[in-house]
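# Tertiary structure, described
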Amino acid sequence: MKVVKYPIKLDPNFSPIVLYFQNFRKRVKKSKHEEITIVVEREDGLNEFYETIIFSDDEHLEENLFYLEKLSKTLLWLYGGYKIIVVGPKKIYEGLKKIYLEGRRTFDSNFMRRVYGKPFEVVHMENRPESKRIERAIGKNLDGYRIGFDAGGSDMKVSAVVNGKPIFSTEIVWLPKLNSDPKYHKEKIRQAIYLAASKMPRVDALGVSSAGIYINNEAKVGSLFIQVPEELFEEHVKNTYIDIAKELNVPLVVANDGDVTALAGAMALKKNNLLGIAMGTSEAVGYINNDGNISGWLNELAFVPVDVQKNGPVDEWSGDIGVGCKYFSQDAVIRLAETCGIKFEEDLTLAERLKVVQKLDPTSETYVDIYETIGTYLAFGLAYYSEFYHIELVLLLGRVMSGVGGDIIVKTATKVLKKEFPKLGKQIKLVIPDEETRRVGQSIAAASLPKTNKS
C-alpha cells in the first residue's frame, strides 16, 4: 500500500485519506482495472451507493480490500446501514464479509446491528438495487416557550427560548463517560432541563440535541453512555428524554447533535448545502442539503477515516486508527499539546485540559502550531467529505473553536484548501459564529425542533 504523507510540524506522518484515495485511483487507471459498486442499506430499504474502480488482478487483492474497507466504513458511518451490498468481484465480497463479520471491522458491524436492530450483513449482487432515498424538513419552529437542551461529553448546555429569542442559556459540567450508573445521567439531564423551565411561566416544547443515535426520540447508542451496561441502558437510558417530556407534558423531538449544528447554521445564515461541524468532546456533524432538508443519514463522521498512517491516534471506543474524533475534537488539541511538551495534571478532566491550552499566549509558537495543525487536518478532511456531500458552507461550532484558536483553524484550513484543492477552495466557505453561538448555538437551535400543540 502506497500512502502519501503531508508533513506537518506536529504530525509529520499525517497521511490524508483523500490523497491516498486519489493516488490509488490514479494508479488503478494506469493498470488493468474493473468497476465495483458498494451499496449500504438502512431502515425501510433506504440505500446509498458509491461507484469506483479497483485493480482487476489478484496481485493487488489486499490493496483493493484496504481501499474498499476504508470506503465502505466511510459509507456506513456517513449514511448508516446494517447491510453492505457488493456489486463486483466475489473475491472482494468474500474479503469484506470476513473483515466485517470476523475481522477488524466487527466494532462497526456490531454498532450498526444495535442501531438498526437487525443482523449485520455483507451480501453479493450482480446488479445494483434500485436507489431509495428520503429527505425531510427539520426544526425552525419558533413559537411559544421552549427549552433547548444540548448534551455533550464534557458539559451540557440548556436554553430557555421565548418566541425564537433566548432569555436564558447556561453550560453545566458533567462527566457522563465516567459514570456507569444511569441514574446519574437521568438526574443531571432532568436538573438542567428543569432549570431552564424555571426561567419561564410555562413550557410548550422540549427540543434535544445529543451525541449518539436517536430513532423516534429513543436513544439507540451513544458515547455519552459508554460505561452504562447494555441491560441498564435499555431499562433506564433509552427513554430518558421521553420520560422528562411526559413529566412536562410537552411535545418532544430529539435529534443528533450534528444535525442540530447544521440547523443552527442554516437558521442563522439562511444558507443551504451546509455542513455543520461541532468540535467538542468528539466530532459532531450534520448536513442541510440544497432544499434546506436533512436526508436521514447518520453523519457520524467521528468514526470516518481521516488519516491512513499506521501509527495514528487510536479511538478508545472503536479501537480504530485515524478517525475523525481524534482530529476534530478536544482530544486533538490535548494530543498536540502533549506533542509540544505540555504536561497536564493527572486529575484534570479533558475539558479542563483544553482550557489550559486555550489560556496559553495566543501568539506563542506552541499555541499557533496546535491550531494550525488542526486547520490543516480540517482542510484535508473537508476535501474527503466533499466526495460525499455537496458543500458550499461549513459552520464550525464547539469549544475547540472558541477564542483565537478557532480563527487560526479557519484561516489555515481556508489557505490549505485553496492551495491543495483550488476548485474546493473557491467553492467552500468556512464560517464561525459569534462566541456565544459557538458555545450554546446548538441548544438554541434544538429548541426549535418540535412543533407545539398550538402550532
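Below: a short report on this structure. Within every chain, residues take consecutive numbers counted from 1 along the sequence as written. In keeping with the predicted nature of the model, local features appear solely for residues at pLDDT of at least 70, side-chain atom pairs appear and are counted solely at 80 or more, and the whole-chain, interface and lining totals rest on all residues. Side-chain measures here rest on the full set of heavy atoms in the structure, leaving out hydrogens and waters.

### Digging into the packing of helix 10 (residues 350–358) against helix 11 (residues 365–385)
Note on method: axes are straight lines fitted to C-alpha atoms, helices fitted across the in-contact stretch only, with angles between N-to-C directions ranging 0 to 180 degrees. Here a helix means four or more residues in a row that DSSP labels H or I, a strand means two or more in a row labelled E, and each is numbered from the N terminus. Where helix 10 contacts helix 11, the two axes come as close as 10 Å, and the packing angle between them is 120°. It follows from the interaxial angle that helix 10 and helix 11 lie oblique. Here helix 10 contributes Leu354, Val357 and Gln358 to the contact with helix 11, which in turn contributes Tyr367, Ile370 and Tyr371. Of the residues that constitute the contact of helix 10 with helix 11, the class distribution is five nonpolar, one polar and no charged. Here the angle decides the label: under 35 degrees means roughly parallel, over 145 means roughly antiparallel, 65 to 115 means roughly perpendicular, and every other value means oblique. Whether two residues are in contact is decided by their heavy atoms: any pair within 4.5 Å suffices. Amino acids outside the nonpolar list (Ala, Val, Leu, Ile, Met, Phe, Trp, Tyr, Cys, Pro) and the charged list (Asp, Glu, Lys, Arg) are all regarded as polar, and Gly is one of them.

### Some details on the pairing of strand 10 (residues 218–221)
Strand pairing is defined by DSSP finding a minimum of two bridges between the two strands. In the sheet, strand 9 (residues 213–215) pairs with strand 10 via three bridges, with the strands oriented antiparallel. When the sheet's bridge partners are listed, Ile213 is paired in strand 10 with Val221. The hairpin turn running from strand 9 into strand 10, its antiparallel successor, is two residues long, and Asn216 in that turn takes a positive phi close to 55°.

### Overview of the side chain of Thr74
In this fold, Thr74 is placed in helix 2 (residues 61–79). Residue classification places Thr74 among the buried positions, given a relative accessible area of 1%. In this structure, Thr74 is in contact with Val304, Pro305, Tyr384 and Phe388, ignoring residues within four places of it in sequence. A 1.4 Å probe rolled over the protein chains alone gives each residue an accessible area, and that area as a share of the maximum for its type sets the label: buried under 20%, exposed over 50%, partly exposed in between.

### Observations concerning the nonpolar core
Buried Ala, Val, Leu, Ile, Met, Phe, Trp, Tyr and Cys residues form a nonpolar core when they are joined through side-chain atoms within 4.5 Å. Counting residues in each nonpolar core, the largest one holds 100 residues, and the members touching the most others are Leu96, Ile277, Leu378, Tyr385, Tyr389 and Leu430. Broken down by element, the residue count for this core peaks at 12 residues, all from helix 11. If near-sequence neighbours (up to four positions away) are discounted, Leu430 is found in contact with Leu378, Leu382, Val394, Leu396, Val410, Ala413, Thr414 and Leu417. If you look at the next biggest cluster of nonpolar residues, it comprises 34 residues, including Phe149, Ala151, Met156 and Leu224.

### What to know about the sheet that holds strand 6 (residues 155–162)
If you walk across this open sheet you meet the five strands as 7-6-5-8-11, and the pairing is mixed. Looking at which strands have only one partner, the edges of the open sheet turn out to be strand 7 (165–173) and strand 11 (252–256). On average, adjacent strands in this sheet sit at an angle of 15° to one another, irrespective of strand direction. As judged from the six bridges shared by strand 5 (residues 145–151) and strand 8 (residues 205–210), these two strands associate in the parallel manner. Residue pairing for strand 8: Ile147 is matched across the bridge by Leu206.

### A look at the pattern of salt bridges
Every case where a carboxyl oxygen of Asp or Glu lies within 4 Å of a side-chain nitrogen of Lys or Arg is listed as a salt bridge. Considering all chains together, one arrives at 27 salt bridges under this definition. A salt bridge links Glu387 to Arg25; its shortest N-O distance comes to 3.1 Å. Linking Glu387 in the loop between helix 11 and strand 14 (393–397) with Arg25 in helix 1 (residues 17–29), this pair joins segments that are 362 residues apart in sequence. Exposure remark for Arg25: the relative accessible area of 17% places this residue in the buried category. When the shortest N-O distance is used, the salt bridge between Asp320 and Lys73 registers 3.1 Å. One end of the pair, Asp320, is in the loop between strand 13 (283–288) and helix 9 (330–339); the other, Lys73, is in helix 2, and 247 residues separate them in sequence. In terms of burial, Asp320 and Lys73 fall into one category: buried.

Just geometry here; none of it tells us what the structure is for.
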